[in-house]
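# What the coordinates show
Each chain, written out:
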Amino acid sequence: MREKQPSSGGRSTWTRRGWLSAAGTSVVGAAIGGADARAHEQATPQQAGEKGLPLRLTVFQPKSMLHVKETSVQRARFPVIDFHSHVSWRSAQRPRVPPSDLIKTMDAVNLHTMVNLTGGSGEEFVATVKSFDRAFPRRFVSMTEPTWTRASEPGYPTWQADEIAKAKTAGAVGVKILKTLGLYLRDGGPTGKLVRVDDQRFDPMWDACGRLGLPVAMHVGDPEAFFTTIDRFNERYEELGAHPDWSFYGKDFPAFKEILAARDRVFARHPKTTFVALHVGHWAENLAAVGEMLDKFPNVHVEIGARIGELGRQPRTSSRFFNKYQDRVLFGTDAIPLGIETPQQVFGEDLYRIYYRFLETEDEYFDYAPAPVPPQGRWRIYGVGLTDQILRKVYHQNAERVLGLKLITA
Ligand SMILES: [Zn+2]
């Protein structure tokens with residue numbers, strides 16, 4: 001096991017298959033070795049653990065013996081705006097799931113509006129708006145995205161700012177920044193230099209967003225554990241095993257804190273632009289730091305998508321955070337309508353009910369994702385039981401204010 005452990009230098013030769021098999025070797029199994037390890041290799045998942053056989057971590061699905069309250073929250077107590085969803089896709093103008101199908105689920109769980117962050121740009125964006133926003137007013141609103149492929153071209157800064165203005169005319173309610181910026185986008189092709197989050201060529205774009213009243217939904221960075229060595233101490237070991245390309249450790253990737261510092265310089269340079277730092281400001285593991293960031297930058301909000309696993313395992317700290325920043329936190333899930341690779345994001349009634357249970361109840365020790373094994377890490381969560389006043393803000397009032405739109409009419 002240890003010799004298989006990838007170093008930053010050797011990772012390029014490490015295949016996805018290799019990763020998956022490495023992740024399948026549990027700490028328990030690896031620690032036993034010898035004949036026991038061979039028996040372990042031969043055991044079927046059904047036999048695993050029987051009669052003292054070693055057990056693979058990947059098949060371990062312990063059932064909690066706690067007898068604690070289980071509240072079923074079928075519908076949100078107040079109408080919800082999901083500020084973080086991906087219902088249309090670039091280079092596929094036709095939605096993979098028709099919006100009318102999405103609406104059935106939305107109605108079932110009191111989800112009033114989905115903010116579709118990845119609406120694309122140019123003609124694609126126009127097509128997105130046509131099939132979603134215009135076809136179902138106030139149920140879907142879409143954001144546009146920068147055209148990263150042109151970022152190295154001369155004249156890009158003003159061209160991009162103008163494109164944002166055109167998208168606003170076409171119906172954009174904001175601009176989405178994917179982690180492309182800071183982690184993938186390079187000048188001069190795939191081997192070129194990574195473009196920094198605070199690169200000055202984007203200043204005209206950030207300013208345009210402020211001038212046009214378009215909030216920027218910003219995802220830069222990722223969970224802190226994605227920036228550390230993948231070894232037995234990594235709390236997202238299995239998740240990184242399933243998604244090896246999510247590791248940003250080594251190579252020429254900036255350190256986690258460098259990305260956040262560059263992002264903060266953007267917040268500081270553009271005080272008239274409203275930013276929504278997605279995934280709890282990309283540091284749900286450190287709410288004290290997120291709080292300091294919010295104290296420093298009144299133009300910034302945060303959104304909770306795909307991070308209730310972090311918030312819910314520190315329920316007391318989270319409660320204080322929701323209380324203190326109740327006007328700055330937006331509901332979001334990072335929902336995508338299809339796919340099984342990331343259960344914590346799969347759009348459906350189950351997903352929303354887990355979020356509602358987390359926010360509305362004080363239930364203890366429940367799953368943060370609709371999956372047999374917690375997909376982001378092997379822990380469970382505790383509800384924060386927000387008050388009605390804070391729930392209304394988090395569910396829709398804060399989003400309406402940030403978007404400058406009255407979406408909930410009932
Ligand atoms: Zn997302």
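You'll find the structure just up there.
What this report covers is the structure whose coordinates are included nearby. All of these numbers come straight from a predicted model, not from anything done at the bench.

## Quick look at the coordination of the zinc ion
On the protein side, the zinc ion has His84 (NE2), His86 (NE2) and Asp334 (OD) as donor atoms, found 2.1 to 2.2 Å from it. Read in sequence order, the donor residues coordinating the zinc ion give the pattern H-x1-H-x247-D. A residue pair is termed long-range when its members are at least 10 positions apart, and His84 in strand S1 (residues 80-85) and Asp334 in the loop between strand S10 (329-330) and helix H15 (349-360) qualify at 250 residues. What makes His84 buried here is its relative accessible area of 1%. Exposure remark for Asp334: the relative accessible area of 9% places this residue in the buried category.

## Notes on the sheet that holds strand S4 (residues 175-177)
If you trace the five strands from one edge of the open sheet to the other, you get S4-S7-S8-S9-S10, paired in parallel fashion. Because the sheet does not close on itself, it has two edges, and the strands there are S4 and S10. As paired elements, strand S8 (residues 275-277) and strand S9 (residues 300-303) share three bridges and run parallel to each other. Following the sheet pairing, Ala277 is matched in S9 by Val302.

## Details of helix H10 (residues 256-269)
Its 14 residues give H10 an end-to-end C-alpha distance of 21 Å, which sits within 8% of 20 Å, the value for a rise of 1.5 Å per residue. Those residues of H10 that fall on the buried side of the exposure criterion are Phe256, Ile259, Leu260, Ala262, Arg263, Asp264, Val266 and Phe267.

## Points about the side chain of His270
Position of His270 among the secondary structure elements: in the loop between H10 and S8. You can call His270 buried: its relative accessible area is 4%. Aside from chain neighbours lying at most four places away, what touches His270 is Asp203, Trp206, Asp207, Phe275 and Asn299.

## Observations concerning the environment of Val59
For Val59, the position within the fold is in the loop between helix H3 (34-42) and S1. Judged by its relative accessible area of 26%, Val59 falls in the partly exposed class. For the pair formed by Val59 and Pro372, sequence separation is 313 residues and the distance between their alpha carbons is 9.9 Å.

## Some remarks on the pattern of salt bridges
Any two side chains of opposite charge can pair, so long as their charged atoms come close to each other. Summed over all chains, the structure comprises 24 salt bridges. The closest approach of N and O atoms between Asp101 and Lys104, which form a salt bridge, is 3.6 Å. Taken together, the residues span about one helical turn, with Asp101 and Lys104 both in helix H4 (residues 99-108) at a distance of three residues. Overall, the relative accessible area of 37% leaves Asp101 in the partly exposed class.

Criteria and cut-off values
- Residues numbered from 1 in each chain as written.
- Predicted model: local features only at pLDDT ≥ 70, side-chain atom pairs only at ≥ 80, totals over all residues.
- Heavy atoms only, no water.
- Donors = N, O, S within 2.8 Å, 3.2 Å for Na, K, Ca; no water.
- Helix = DSSP H or I, 4+ residues; strand = E, 2+ residues; numbered from the N terminus.
- Buried < 20%, exposed > 50% of the residue type's maximum accessible area, 1.4 Å probe, protein only.
- Pairing = 2+ DSSP bridges.
- Expected span 1.5 Å × (residues − 1).
- Contact = heavy atoms within 4.5 Å.
- Salt bridge = Lys/Arg side-chain N within 4 Å of Asp/Glu carboxyl O.

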